[in-house]
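The primary structure of each chain is shown beneath.
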Amino acid sequence: MKNRILPCVIGLGYVGLPIFLRLQKKFKTVGFDISYNRINQLNSNIDITNTIDKYFKLRNRSFFTNKSKYLAQCNFFIIAVPTPIYSNRIPNLEYLNKASTILGGYIKKDDIIFFESTVFPGVTKKYCVPILEKKSKLKNNIDFYTGYSPERINPGDKNHTIDKISKIVAFEKNSKKKIILNVYKCISHSLILTNNLEDAETSKVIENIQRDLNIALINEIYKVCDKLKINFKNVIKLAKTKWNFLNFKPGLVGGHCLPVDPYYFSYLAKKNNIQTKVILAGRYTNNSMAKFVINKVINFLNNQQINKKDNILCMGLTYKENVPDLRNSLALKIFLKLKKKYPNSYSYDPLVKDFKNNEIITNIENIKKFKAIILLVNHNCFKKILIKVKKIKKNNFLNIFQ
Ligand SMILES: NC(=O)c1ccc[n+]([C@@H]2O[C@H](COP(=O)([O-])OP(=O)(O)OC[C@H]3O[C@@H](n4cnc5c(N)ncnc54)[C@H](O)[C@@H]3O)[C@@H](O)[C@H]2O)c1
């Protein structure tokens, strides 16, 4: 790569789009996504991930495309495709397989390829690189160069934006350092370099496993306090006064990372005859919160003498506050379960754009029409309406973790 750096981001979702947006400020960047819909929407400045606004303009002749032929123009690739699990909780590497197969048809000598999807240790070198080598008939670390840079982006978080989050960048060939830094410094102001891809892959999954377990622990404590009628809020206020108490909040764990990544790591451990009981216990507890909240809501409705014919409203459906993402959302699961028991249940979530359901209403001006209102996810945009809801509904309003 003697001349210009011409980056391409493959997969323009919650992770890929912010990376593309940073790169196109400095380089002519191609944004490639296999989804025709996604590219059409992005070309019309419509973004269901809430990353770009309607006045956004592309720079440096950068463009979005779903045509893979444009990969041939590029020499620095960043892959950010999904890594979900199957229903049996086994890692699904199909997206990585497809992206590597497509890319393998275009890479040439001296190209650099970075993977950013979250994986279990070894996937980049033992799974993706062989696909690239087979398809391109080129050799890794001789003809082309591969790296791994885990993503720490936190959708909905206006403080920890992509440029401010420190980013691990792993690559083996020191001779490529200048080009790699040139690209990655444009994404984040703080880079941590390592020459071991597997260590970088492992560090990413364990960050999420640690967070999942910490939330699971506080969720379990919350459940016990709830049952024993111990004032959880006061308990935490007191415990927090110790210098090393970790301040995690109970909640519904969803999304594309925490409910998935522990299974990736456990899968690899199991393949190597190690049982990850603690890690999976965290998953079990956090998954069980859906049932716990449903029971809590039903008890509340019974206590308030709300019957099956009454209108009930659930506010917030996404997997956490201030994001439009419904993937693995326990709030959505809770709403759909509740709907089965209370057929006149409706939900309100102005952030959700890609989910068509008759029970999602678009405005809640007429609060009085609902006999009870349950707050499942507390988006910032609910602030004003909640003042009204609390005033009108008083005892018939439930905030699930308050
Ligand atoms: N969402 C997060 O907060 C987050 C944070 C850190 C890491 N990650 C990881 O980053 C990766 C991407 O996650 P995401 O949330 O951005 O996913 P996403 O579903 O929002 O976006 C992925 C995009 O890739 C596209 N795609 C799929 N296959 C493709 C292919 N073969 N070629 C081109 N495009 C393709 C999809 O159409 C989609 O637009 C995952 O491994 C995830 O675990 C996500």
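Details of the structure are given in the entry above.
Report follows, based on the coordinates.

Procedures and definitions
Residues numbered from 1 in each chain as written. Predicted model: local features only at pLDDT ≥ 70, side-chain atom pairs only at ≥ 80, totals over all residues. Heavy atoms only, no water. Core = buried A, V, L, I, M, F, W, Y, C linked by side-chain atoms within 4.5 Å. Buried < 20%, exposed > 50% of the residue type's maximum accessible area, 1.4 Å probe, protein only. Helix = DSSP H or I, 4+ residues; strand = E, 2+ residues; numbered from the N terminus. Contact = heavy atoms within 4.5 Å. Pairing = 2+ DSSP bridges. Axes fitted to C-alpha atoms, helices over the stretch in contact; angles between N-to-C directions. Near = heavy atom within 4 Å. Polar contact = N/O pair within 3.5 Å; in protein donor to acceptor, adjacent residues only side chain to side chain. Areas by Shrake-Rupley, 256 points an atom, 1.4 Å probe, with all protein chains shown as cover. Nonpolar A, V, L, I, M, F, W, Y, C, P; charged D, E, K, R; others polar. Phe/Tyr/Trp six-rings, centres within 6.5 Å; stacked < 30°, edge-to-face > 60°. Lys NZ or Arg CZ within 6 Å of the ring centre and 35° of its normal. Salt bridge = Lys/Arg side-chain N within 4 Å of Asp/Glu carboxyl O. Parallel < 35°, antiparallel > 145°, perpendicular 65-115°, else oblique. Left-handed = near helix turned anticlockwise from the far one by under 90°. Arc of directions from axis to C-beta.

### So, the nonpolar core
Here comes step 1: Counting residues in hydrophobic clusters, the biggest one holds 40 residues, and the most contacted among them are L252, V293, L301, I374, L376 and I400.
Here comes step 2: Elements supplying a minimum of two residues to this core: α6 (197-228), α7 (232-239), α9 (277-303), β9 (312-315), α10 (330-341) and β12 (372-375).
Here comes step 3: With nine residues, the single largest contributor to this core is α9.
Here comes step 4: In this structure, L376 is in contact with L252, V293, C314, M315, G316, A331, I334 and I400, ignoring residues within four places of it in sequence.
Here comes step 5: Judged by nonpolar contacts, the second largest core, of 31 residues, contains F32, F77, F120 and C128.

### Looking at the pairing of strand β10 (residues 345-348)
Here comes step 1: Here four bridges tie β9 to β10, and the two strands are oriented parallel to one another. Following the sheet pairing, I312 is matched in β10 by S345.
Here comes step 2: Judged from the two bridges that link them, β10 and strand β11 (residues 360-361) form a sheet pairing that is parallel. Residue S347 lies in a different strand from β11, and its bridge partner there is I360.

### A closer look at the sheet that holds β9
Here comes step 1: With respect to topology, five strands assemble into an open sheet ordered β11-β10-β9-β12-β13, the strand pairing being parallel. Both edges of this open sheet fall to β11 and β13 (397-399), since each of them pairs with a single strand only.
Here comes step 2: In this fold α9 packs onto β9, β12 and β13, with an angle of close to 155° to the strand it touches most, β12.
Here comes step 3: Contacts from α10 reach β9 and β10 within the one sheet, and its direction differs from that of β10 by about 155°.

### Some words on the site of the ligand
Here comes step 1: The environment of the ligand is formed by 26 residues, the closest being V15, D33, T83, T118 and R327.
Here comes step 2: Taking R327, its side chain carries an N or O atom lying 2.9 Å from an oxygen atom of the ligand.
Here comes step 3: Against a free-state accessible area of 830 Å², the protein chains account for coverage of 92% of the ligand.
Here comes step 4: Each residue belonging to the shell around the ligand can be placed in one class, and the counts come to 14 nonpolar, seven polar and five charged.

### Topic: the packing of aromatic side chains
Here comes step 1: A complete count under the given rule lists twelve aromatic pairs for this structure.
Here comes step 2: Every member of this aromatic cluster is reached through a ring pair, and the members are Y222, F232, F292 and F401.
Here comes step 3: The side chain of K339 reaches across the aromatic face of Y346, ending 5.2 Å from its centre.

### Quick notes on the pattern of salt bridges
Here comes step 1: The full count for this structure, using the stated rule, is 14 salt bridges.
Here comes step 2: R38 is the salt-bridge partner of D47, the closest N and O atoms lying 3.0 Å from each other.
Here comes step 3: Residue D47 is classed as buried on the basis of its relative accessible area, which comes to 6%.
Here comes step 4: The buried category is assigned to R38, whose relative accessible area is 9%.
Here comes step 5: Among the ionic pairs, D110 bridges to K176, the shortest N-O distance being 3.7 Å. Taken together, the positions of D110 in the loop between α3 (94-104) and β5 (112-115) and K176 in the loop between β7 (167-171) and α5 (177-187) put the pair 66 residues apart, joining distant regions of the chain.

### What to know about the sheet that holds strand β3 (residues 63-65)
Here comes step 1: Taken in spatial order, the eight strands line up as β3-β2-β1-β4-β5-β6-β7-β8 in an open sheet, and their pairing is mixed. Strands with a single pairing partner mark the edges of an open sheet, and in this sheet they are β3 and β8 (191-194). Strand-to-strand, the axes of this sheet are offset by a mean angle of 20°, without reference to chain direction.
Here comes step 2: In this fold helix α1 (residues 16-23) packs onto β1 (7-10), β2 (30-32), β3 and β4 (76-79), with an angle of close to 165° to the strand it touches most, β1.
Here comes step 3: Across the sheet, α3 touches β1, β2, β4 and β5, and the angle it forms with β4 is around 165°.

### A few points about the packing of helix α8 (residues 261-271) against α9
Here comes step 1: As a packed pair, α8 and α9 sit with axes 9 Å apart at the nearest point and diverge in direction by 150°. Here α9 runs roughly antiparallel to α8, going by the angle between their axes. Relative to α9, α8 is oriented so that their crossing is left-handed. When α8 is examined against α9, the residues P262, Y263, F265 and S266 are found in contact with a partner set consisting of I279, L280, R283 and N287.

### Re helix α2 (residues 36-43)
An α-helical segment advances 3.6 residues per turn. Residues three or four places apart therefore align on the same side.
Here comes step 1: What α2 keeps buried is the set R38, I39 and L42. Each buried residue of α2 lies within a common arc of 95° when the element is viewed along its axis, so the set occupies one face. Of the residues in α2, the exposed ones pointing more than 90 degrees away from the buried face are Y36 and N37.
Here comes step 2: In the stretch just after α2, N45 is the one whose phi turns positive, near 55°.

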